[in-house]
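# Descriptive structure summary
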Amino acid sequence: AVALVDGAGRRTALAAAADPRDVNAVVAAVDAPLAPGAYRVVWRAVSADGHAVGGSYVFTLAPPANGTPDAPNATGVP
């Protein structure tokens, strides 16, 4: 399971999938561009030995600088 939590605490479940290039990784696409701000990605998975594991990490999107194009969204597309 993968979820995205915004700075206001709103949680959005993301569709998790296996990374076709790395058997030890999970990918989850964000369907819409994200507004500037702080976000936390929360994940939980079952390890190879059957135990539940999980964690989280934080990232921040800055607003675009004056006179520059919009910042890319999570897919790298403006």
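The notes below deal with the structure included here.

What counts as what
Residues numbered from 1 in each chain as written. Predicted model: local features only at pLDDT ≥ 70, side-chain atom pairs only at ≥ 80, totals over all residues. Heavy atoms only, no water. Phe/Tyr/Trp six-rings, centres within 6.5 Å; stacked < 30°, edge-to-face > 60°. Helix = DSSP H or I, 4+ residues; strand = E, 2+ residues; numbered from the N terminus. Buried < 20%, exposed > 50% of the residue type's maximum accessible area, 1.4 Å probe, protein only. Contact = heavy atoms within 4.5 Å. Pairing = 2+ DSSP bridges. Axes fitted to C-alpha atoms, helices over the stretch in contact; angles between N-to-C directions. Polar contact = N/O pair within 3.5 Å; in protein donor to acceptor, adjacent residues only side chain to side chain.

Inspection of the entire model under this criterion finds one aromatic pair. Taken together, a centroid distance of 5.5 Å and an interplanar angle of 20 degrees make the contact between Tyr39 and Phe59 stacked. Of this pair, Tyr39 sits in strand β5 (residues 37–46) while Phe59 sits in strand β6 (residues 52–61); the two residues are 20 residues apart in sequence, bridging distant segments of the chain. According to the relative accessible area criterion, Phe59 is partly exposed, its value standing at 27%.

Within the secondary structure, Ala28 sits in strand β4 (residues 22–28). Here Ala28 falls in the partly exposed class, since its relative accessible area comes to 29%. Separated by 15 residues in the primary sequence, Ala28 and Ala13 place their C-alpha atoms 9.5 Å from one another. Setting aside chain neighbours within four positions, we find Ala28 in contact with Val2, Leu14, Ala15 and Ala16.

Attention now goes to the side chain of Asp19. Structurally, Asp19 is set in strand β3 (residues 16–19). For Asp19, the residues in contact, after removing those within four places along its chain, are Ala25, Val26 and Val27.

Before going further, it helps to spend a moment on the sheet that holds β5. With antiparallel pairing, the four strands of this open sheet are ordered in space as β2-β1-β5-β6. Because the sheet does not close on itself, it has two edges, and the strands there are β2 (11–14) and β6. Shown here is a sheet whose adjacent strand axes are inclined to one another by a mean of 20 degrees, direction ignored. Sheet topology places β5 next to β6; 10 bridges connect them, and they run antiparallel. By the bridge assignment, Trp43 is partnered in β6 with Gly55.

We now examine the environment of Asp6. Assignment of secondary structure puts Asp6 in strand β1 (residues 2–6). The buried category is assigned to Asp6, whose relative accessible area is 17%. Remark: the alpha-carbon pair of Asp6 and Arg40, spanning 34 residues in sequence, is separated by 6.5 Å. In this view, Asp6 contacts Ala38 and Tyr39; residues no more than four positions away in its chain are not counted. Among the polar contacts made by the side chain of Asp6, one reaches the main-chain amide nitrogen of Ala8 at a distance of 3.0 Å.

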